[in-house]
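Structure assessment
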Amino acid sequence: AAALLFFGTLTVFLTTYGFMNITRGANDSYVIDFYDVQDEYFGEQVVVDFMTSEVQIGTVEHEDALRTLKKRIEDLEFIEKPVSSWFEQYDSWCDGEGCCGDGVSCLQSWLASNASDAFREDVVLDEAGEVAASRIRVLSLQADTTDGDVDRMNAMRATGDDLPVWSTPFSTTFLWLSRYERIVHYTVQTLLLALSGVFLMNCLFLPLKGAILVTGMVTLVCLNMVGLMSLWDIQLNVASLINLVLAIGFAVDYSAHVAEAFFTGNPKLSADERAMQALSEQGASVLNGGFSTLLAVAFLSLSKSLGFVILFRMFLGLVGFGLLNGLVLLPVLLSLISD
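Just so it is clear, the structure is predicted and the values come from calculations on it, not from any experiment.

**Re unusual backbone geometry**
Residues Lys81 and Pro82 are joined by a peptide bond in cis, for which omega reads 0°. Within the secondary structure, Pro82 sits in the loop between helix 3 (60-75) and helix 4 (86-97). At Glu54, a position not held by glycine, the phi torsion is positive, near 55°. Along the chain, Glu54 falls in strand 1 (residues 45-55). At Asp233, a residue that is not glycine, the phi angle is positive and equals roughly 55°. Tracing the sequence through the fold places Asp233 in the loop between helix 8 (208-231) and helix 9 (238-263). Given the relative accessible area of 58%, Asp233 is considered exposed.

Okay, here's the thing in structure tokens:
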């Protein structure tokens, strides 16, 4: 009962804290140094182009869409004001000049005039004189965290929703923000697939309840690792995802051998006695395996590279949690379920 209470409390705390506080981003990258210098000397701003294509000037629906797009951009609190739009300037010029021709001829006249000097590169015409592509260029303030930048990217992408013209924003920062936008989905998907493989393989060698318990121990290690990542300020990215997948493979060793020894033990013994026998047969080997794994990565803790230090921290966590769950919690659950 004491073991169950301890592990239950530990898992609930680490899981809750982990999922509430884990962040996405890079722990160690030359990109971080670049943006630190840029933010300090040039301001925390990035250029964003809101692109549109196949806009039919003279069509009320399309012109209203361009006005709506500019209004939505201005409504974003992190966009620097004022927002200058080529269509807004063209519209004002048409009102002042009293342009009475069709949309194509009016647009060509505006592009040929001095009034379009600041926006001439924002409009590209096709052979028929229609707008093949156009853009609204703005400055966006960066958030303090990667999660905040991802939210701002999604908010900018939403400005083109439900418009009759195609519209999407783009910035060079989106190239890496898009990766972090999907990292949670990929993490959950990858871990679930890996855990499913663990369960199926254990079903080949253990009774069903044994396979469920071993898979449960491996799942607990993953949940504990998420909490450790939050406590140790390890952000969720491709590198830490790989380490989580590796944790599943190592955690199987710390539990499957004990479970296999338990179910192949003397059936005449009680569940408690079989649990003790399993630990006496496999406990030392499992413990040695864990410490040898930890010894293999111990020198990474002395590295000057934060990436190697994080690798050591995560291996320290997976060995510690794996051994605790496999050598302490699992035997207790085996004896209780078997009874």
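Further notes follow.
**Quick notes on the nonpolar core**
Formed by 50 residues in total, the largest nonpolar core has its most connected members in Val218, Met225, Ile248, Met314, Leu318 and Leu330. Secondary structure elements with two or more residues in this core: helix 1 (2-21), helix 7 (174-205), helix 8, helix 9, helix 10 (271-297) and helix 11 (306-338). In terms of residues, this core owes the most to one element, helix 11, which gives 13 residues. Not counting residues within four places of it along the chain, the set of residues in contact with Val218 comprises Leu195, Val198, Ile248, Ala251 and Val252. Among the nonpolar cores identified, the runner-up in size contains 35 residues, and Leu66, Tyr90, Leu163 and Leu177 belong to it.

**Let's talk about the side chain of Ser255**
Position of Ser255 among the secondary structure elements: in helix 9. On the accessibility criterion, Ser255 (2% relative accessible area) is buried. Apart from residues lying up to four places away in sequence, Ser255 is in contact with Val214, Met217, Gly326 and Leu330.

**Remarks on helix 10**
With 27 residues, helix 10 should reach 39 Å at 1.5 Å per residue; the first-to-last C-alpha distance of 37 Å fits that figure. At Gln282, helix 10 shows its largest kink, close to 50°. Within helix 10, burial applies to Ala271, Arg274, Ala275, Ala278, Gly283, Val286, Gly290, Thr293, Leu294 and Val297.

Rules of the game
Residues numbered from 1 in each chain as written. Predicted model: local features only at pLDDT ≥ 70, side-chain atom pairs only at ≥ 80, totals over all residues. Heavy atoms only, no water. Helix = DSSP H or I, 4+ residues; strand = E, 2+ residues; numbered from the N terminus. Buried < 20%, exposed > 50% of the residue type's maximum accessible area, 1.4 Å probe, protein only. Core = buried A, V, L, I, M, F, W, Y, C linked by side-chain atoms within 4.5 Å. Contact = heavy atoms within 4.5 Å. Expected span 1.5 Å × (residues − 1). Bend = angle between axes of the 7 residues up to and from the residue.

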